[in-house]
Amino acid sequence: MTDEQLLIEFALTRMDHPDLDLEEVATLTVRRLGEDRMLDFAGRTLVSRGELRGAAFPAAVEHVLRVVLTLRGPDD
């Protein structure tokens, strides 16, 4: 899944839950995308941290947040 595709999934989840904060939306996005994507995202986070082990779900949520905040750009 590309970062752009992930951002679309995040946006769709946020549209369904507009009152949630970014981390809660990222959590729902990871759940919505399933276990295979969760493991992929967690692996990317652990690689970027240089870690060999970590909790998969929180690492996956961190990846989603990192992508969203990076692609969103600076605050105006």
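Below, the structure is looked at part by part. (Residues numbered from 1 in each chain as written. Predicted model: local features only at pLDDT ≥ 70, side-chain atom pairs only at ≥ 80, totals over all residues. Heavy atoms only, no water.)

Moving on: the overall build of the chain. Broken down by element type, the chain carries four helices and zero strands. For the chain, the sequential pattern of α-helices and β-strands runs α-α-α-α. What you see for the chain is a C-alpha radius of gyration of 12 Å, in line with the 11 Å of a compact globule of 76 residues. Across its three principal directions, the C-alpha atoms of the chain cover 35 × 30 × 20 Å. Considering the chain as a whole, with its 76 residues, one finds that 29% of them fall into the buried category. Considering only contacts within the chain whose residues lie at least 6 apart along the sequence, 45% involve residues at least 24 apart. Looking at the chain as shown, the accessible area adds up to about 5,000 Å², and 53% of this sits on carbon and sulfur atoms. Both charge centroids of the chain, one from 9 positive and one from 15 negative side chains, sit 4 Å from each other. (Helix = DSSP H or I, 4+ residues; strand = E, 2+ residues; numbered from the N terminus. Rg over C-alpha atoms; globule rule 2.2 N^0.38 Å. Buried < 20%, exposed > 50% of the residue type's maximum accessible area, 1.4 Å probe, protein only. Contact = heavy atoms within 4.5 Å. Areas by Shrake-Rupley, 256 points an atom, 1.4 Å probe, with all protein chains shown as cover. Lys, Arg positive; Asp, Glu negative; His and termini not counted. Charge placed at Lys NZ, Arg CZ, Asp CG, Glu CD.)

Let us look at the nonpolar core. Counting residues in hydrophobic clusters, the biggest one holds 16 residues, and the most contacted among them are Phe10, Ala26, Val30, Ala60 and Val64. Broken down by secondary-structure element, the contributors of at least two residues to this core are helix H1 (3–16), helix H2 (22–33), helix H3 (35–49) and helix H4 (56–72). Of the residues forming this core, the biggest block, seven residues, is contributed by H4. When near neighbours in sequence (up to four residues on either side) are disregarded, Val30 contacts Met38, Phe57, Ala60, Val61 and Val64. (Core = buried A, V, L, I, M, F, W, Y, C linked by side-chain atoms within 4.5 Å.)

A word on the side chain of Thr29. Its location among the elements puts Thr29 in helix H2. The buried category is assigned to Thr29, whose relative accessible area is 0%. Not counting chain neighbours up to four residues away, the residues in contact with Thr29 comprise Leu6, Glu9, Phe10 and Thr13.

Our focus in this paragraph is H2. Over its twelve residues, H2 runs 16 Å from end to end, which matches the ideal 16 Å to within 8%, given 1.5 Å per residue. Leu22, Val25, Ala26, Thr27, Thr29 and Val30 are the residues of H2 that are buried. Tucked into the core, H2 has its buried residues touching H1, H3 and H4. N-capping of H2 is provided by Asp21, with a side-chain oxygen placed 3.2 Å from the backbone N of Glu23. (Expected span 1.5 Å × (residues − 1). Polar contact = N/O pair within 3.5 Å; in protein donor to acceptor, adjacent residues only side chain to side chain.)

Position of Met38 among the secondary structure elements: in helix H3. The class of Met38 is buried, set by a relative accessible area of 15%. Remark: the alpha-carbon pair of Met38 and Phe57, spanning 19 residues in sequence, is separated by 6.5 Å.

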